[in-house]
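One letter stands for each residue in the lines below.
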Amino acid sequence: MTFLRLVMVVMFKDLRAELRTKEAINASLSFALVVLLMFSFAFDPDEDTVRSISGGLLWIVFAFAGTLLLNRSFARELGNDCLDALISAPIPGSALFLGKALANFLLVLAVELVALPLFGIFYNVKWTLQFWPLMLVVVLATWGMTVTGTIFSALTVNIRLREVMLPILNFPILIPALLAAMQLTSELVAGKPITDNNVSWLKLLVGFDVMYTAVSVFLVEIVLVS
């Protein structure tokens with residue numbers, strides 16, 4: 001089997017496993033909905049307030065909702081020694097990692113695409129004014145969050161308090177990507193395009209994704225074996 005096919009096999013296996021039970025995705029969607037609803041009641045925001053908090057609010061929701069999904073990435077393999085079987089299988093660790101990262105990316109992205117219209121409804125925001133640039137930012141930031149979350153999920157899978165350790169380890173690493181995503185999202189939700197003044201944030205997102213994807217692929221064999 002080619003490397004790409006191995007990645008696809010792992011990805012579809014994880015997607016089927018999650019969609020069969022829907023445990024993590026239901027929890028993640030519920031969390032996103034509740035937090036958006038609570039903030040809408042807490043702030044009763046006007047147009048100017050929404051413009052200033054939209055980036056931070058959305059990415060706080062996305063980060064914590066995504067953590068609920070990412071934490072299950074390797075934990076679901078613990079039953080019946082499935083994780084040991086996967087590690088012992090004749091496939092590269094990088095293929096296993098990328099397959100799981102892609103599955104997590106699609107699941108987290110699905111939650112975000114449901115949360116965005118809800119954000120528009122609860123806060124009376126026309127978030128589609130810069131739709132495609134916003135989708136680019138969402139995809140880039142989500143991939144960065146997914147890559148680091150997946151590798152830390154593998155690192156903490158055998159820790160008893162993995163639900164606590166994953167965000168503690170992942171969020172500090174994500175600070176540059178989240179800052180860039182927040183800044184760009186606030187501008188794009190307000191209807192402002194990406195210009196020379198804020199394109200550096202987009203470059204930061206791209207650099208973050210490339211660097212941490214390469215580092216994770218390089219280190220995954222060590223993480224899995226240890």
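Everything that follows concerns the structure shown earlier in this document.
Before going further, it helps to spend a moment on the environment of L155. Structurally, L155 is set in helix α7 (residues 131-156). With relative accessibility at 43%, the residue L155 sits in the partly exposed group. Each C-alpha atom, one on L155 and one on I222, is 9.7 Å from the other, the two residues being 67 residues apart in sequence. In this structure L155 touches L169 and V223, once residues within four positions along its chain are discounted.

Turning our attention to the packing of helix α2 (residues 23-43) against helix α6 (residues 93-123). Their axes nearest at 10 Å, the elements α2 and α6 cross at an angle of 25°. Taken as axis vectors, α2 and α6 run roughly parallel relative to one another. Helix-helix and strand crossings are classified by hand; for α2 and α6 the assignment is right-handed. Of α6, the residues touching α2 (which contributes I25, S28, L29, A32, L33, L36, L37, F39 and S40) are L107, V111, V114, A115, L118, F119, F122 and Y123. When the residues that make up the contact of α2 with α6 are grouped by side-chain class, the tally is 15 nonpolar, 2 polar and no charged.

The subject of this paragraph is a nonpolar patch on the surface. Together, M211, V215, F218, L219 and I222 make up a nonpolar patch on the protein surface, roughly 500 Å² of accessible area in all. Locating M211 in the fold gives a position in helix α9 (residues 199-225). When its relative accessible area of 45% is taken as the criterion, M211 is described as partly exposed.

Another point: the pattern of salt bridges. Per the counting criterion, the structure on display carries 3 salt bridges. Its salt-bridge partner being K13, residue D14 comes within 2.8 Å of it at the nearest N-O pair. D14 sits in the buried class, given a relative accessible area of 1%. Here D14 ties to K100 by a salt bridge, and the two come within 3.0 Å at their closest N and O atoms. Remark: K100 occurs in helix α6 and D14 occurs in helix α1 (residues 3-21); sequence separation between them is 86 residues. With respect to burial, D14 and K100 carry one shared label: buried. Within the structure, one salt-bridge network assembled from shared partners comprises K13, D14 and K100.

In this structure, E112 sits in helix α6. Excluding its chain neighbours within four sequence positions, the residues that come into contact with E112 are W59, F62, V138, T142 and M145.

Criteria and thresholds
- Residues numbered from 1 in each chain as written.
- Predicted model: local features only at pLDDT ≥ 70, side-chain atom pairs only at ≥ 80, totals over all residues.
- Heavy atoms only, no water.
- Helix = DSSP H or I, 4+ residues; strand = E, 2+ residues; numbered from the N terminus.
- Buried < 20%, exposed > 50% of the residue type's maximum accessible area, 1.4 Å probe, protein only.
- Contact = heavy atoms within 4.5 Å.
- Axes fitted to C-alpha atoms, helices over the stretch in contact; angles between N-to-C directions.
- Parallel < 35°, antiparallel > 145°, perpendicular 65-115°, else oblique.
- Left-handed = near helix turned anticlockwise from the far one by under 90°.
- Nonpolar A, V, L, I, M, F, W, Y, C, P; charged D, E, K, R; others polar.
- Patch = residues over 30% accessible without salt bridge, like charges linked within 9 Å, V, L, I, M, F, W, Y side chains within 5 Å.
- Areas by Shrake-Rupley, 256 points an atom, 1.4 Å probe, with all protein chains shown as cover.
- Salt bridge = Lys/Arg side-chain N within 4 Å of Asp/Glu carboxyl O.

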